Amino acid sequence: MIEFVAVEKWYGSYRALQAVSGRVQPGEVVVVCGPSGSGKSTLIRTINRLEPIQGGTIRVQGHDIHAPQRDINELRAGIGFVFQQFNLFPHLSARENVMLSPTKVAGMSRKDAAELADALLTKVGLAHKINAMPANLSGGQQQRVAIARALAQRPPLILFDEPTSALDPEMVGEVLAVMKQLASEGMTMMVVTHEMGFAREVADRIWFMDAGQILEDAAPEAFFTVPRHPRARKFLADILLPRSGAPPLSAGS
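Read on for an overview of the structure. (Residues numbered from 1 in each chain as written. Predicted model: local features only at pLDDT ≥ 70, side-chain atom pairs only at ≥ 80, totals over all residues. Heavy atoms only, no water.)

With that settled, consider the sheet that holds strand β1 (residues 2-11). The antiparallel open sheet is built from four strands, whose spatial order is β2-β1-β4-β5. A single partner strand is all that each edge strand has here, and the edge strands are β2 (14-24) and β5 (63-64). Direction of pairing for β1 relative to β2: antiparallel, over a ladder of seven bridges. The residue of β2 that forms the bridge with Trp10 is Arg15. (Pairing = 2+ DSSP bridges. Helix = DSSP H or I, 4+ residues; strand = E, 2+ residues; numbered from the N terminus.)

So this is what it looks like as structure tokens:
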């Protein structure tokens, strides 16, 4: 579904991605984790060309997405993307936010788009908020609208860039529950997240990044119990072990 081959990304003299290579198979859930500044969000944003690359190749469903002749609007229409900050249109209701892409990009009639939007909002548990404006929704509800919007083009894959990091702790679970449902239905997903419980429970594979490189590509059980790379071991110790003498947290805590 997605293939990275020796991908390079620079910001001036700063090398953000260093010869990154990896593959995401259809139906897989790949969680990308690592410390802040490791290149996680940069990597996922290269897949729909929100970030250009300076070297290497990225293919989605076999197509070189950075080829000069590639239609960027067509590319983005086929890739769902859920942002950290929701990015809903504040002057549109939940239903209208979800309808926008099917009507404007796919040419769907407003009637059909409204029916699709209502079905998707029901799917993410927001049937009672279909006509609500974003300002009247909680952060978790706004992010679920954003997921419904990402599903509206019926994409073969969805990218999540730290989808819970802007949420209050009590709202995180409702968003992760929707993501778990999508994973159980076979949706191909790449998820940048610090939610290690979700990673351990839902991911097929973990990519651990640091300094712009994928240092570990492992199944969750192997990553959480016997991480190979010293940097991965330190990362897990820092996030999973207490700093004040309290009992250790489990990975699902």
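In this section: the environment of Val7. Relative to the helices and strands, Val7 is located in strand β1. Here Val7 falls in the buried class, since its relative accessible area comes to 0%. C-alpha separation for the pair Val7 and Ile239, spaced 232 residues apart in sequence, amounts to 28 Å. What Val7 contacts, discounting residues up to four positions off in sequence, is Leu17, Gln18, Ala19, Val20, Ile53, Gly55, Gly56, Thr57 and Ile58. (Buried < 20%, exposed > 50% of the residue type's maximum accessible area, 1.4 Å probe, protein only. Contact = heavy atoms within 4.5 Å.)

Attention now moves to the side chain of Arg149. Tracing the backbone through its elements, the reader meets Arg149 in helix α5 (residues 139-151). The side chain of Arg149 sits in the buried core without any salt bridge; Glu96 is the nearest counter-charge, 12 Å away. One polar contact links the side chain of Arg149 to the main-chain carbonyl oxygen of Asn87, over a distance of 2.8 Å. (Lys, Arg positive; Asp, Glu negative; His and termini not counted. Salt bridge = Lys/Arg side-chain N within 4 Å of Asp/Glu carboxyl O. Polar contact = N/O pair within 3.5 Å; in protein donor to acceptor, adjacent residues only side chain to side chain.)

With that settled, the discussion passes to the environment of Glu8. With respect to the element layout, Glu8 can be found in strand β1. A sequence separation of 51 residues divides Glu8 from Arg59, and the C-alpha atoms of the two residues are 14 Å apart. At 3.0 Å, the side chain of Glu8 forms a polar contact with the backbone nitrogen of Ala19.

Inspection of the secondary structure puts Gln141 in helix α5. The exposure class of Gln141 is buried, given its relative accessible area of 13%. At 2.9 Å, the side chain of Gln141 forms a polar contact with the backbone nitrogen of Ser138. Excluding residues within four positions of it along the chain, Gln141 makes contact with Leu126, His128, Lys129, Asn136 and Glu174.

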